[in-house]
Amino acid sequence: MTTQPTLGVHHIGLTVPDLDQARAFFCEVLGFGEVGGVPEYPAIFVSNGAVFLTLWRAADPLTARAFDRRANIGLHHLSLSVADDAALDALWAKLSVHPEIVIDAAPGPIVPGAATRHFLVFIPGGIRMEFATPFA
């Protein structure tokens, strides 16, 4: 029996301005599958088999304020792991030309001199995401 009270991340909930746009990004671009939802909330659930996300639509997307990672308390960014450098480079090639993606940081070491590489983008709807190779 474990002495740890938690076992890891169960799911991550993200508030988005547009569910269809978020669904398209996670399902069509990243290959997640839609695995449920709560239409009256409204929310959808997506998963890639390792990560489970709840995507909630903001109550009033037109007046919702974007998260400012330097001024607000809360999720700074969501980081997803990729298998290796080749996978990171392939994903970068796909996302760097996506018309709704804003580049935050191009591929490079996660910290100076590290073997672990990453890049950061703002996905459609404005959420900041990182994609990173495993820690070396």
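To be clear, the structure that these remarks concern was listed above.
Residues numbered from 1 in each chain as written. Predicted model: local features only at pLDDT ≥ 70, side-chain atom pairs only at ≥ 80, totals over all residues. Heavy atoms only, no water.

Novice: Explain helix 2 (residues 85–95) residue by residue, including any values.
Specialist: For an α-helix, 3.6 residues make a turn, and residues three or four places apart therefore share a direction. Where helix 2 is concerned, the buried positions are Leu88, Leu91, Trp92 and Leu95. Buried residues of helix 2, viewed axially, fall in a sector of 105 degrees; they line one side. Considering only its buried residues, helix 2 is in contact with helix 1 (19–29), strand 6 (102–109), strand 7 (117–122) and strand 8 (128–132). The distance from a side-chain oxygen at the start of helix 2 to the backbone nitrogen of Ala86 is 3.2 Å, and the residue carrying that oxygen is Asp84. (Buried < 20%, exposed > 50% of the residue type's maximum accessible area, 1.4 Å probe, protein only. Helix = DSSP H or I, 4+ residues; strand = E, 2+ residues; numbered from the N terminus. Arc of directions from axis to C-beta. Contact = heavy atoms within 4.5 Å. Polar contact = N/O pair within 3.5 Å; in protein donor to acceptor, adjacent residues only side chain to side chain.)

Novice: With reference to specific residues and values, describe the side chain of Arg117.
Specialist: Within the fold, Arg117 resides in strand 7. Only 2.9 Å separates the side chain of Arg117 from the side chain of Asp89, close enough to count as a polar contact. Apart from residues no more than four positions distant in its own chain, Arg117 is found in contact with Asp85, Leu88, Asp89, Pro107, Gly108, Pro109, Ile110, Phe131, Ala132 and Thr133.

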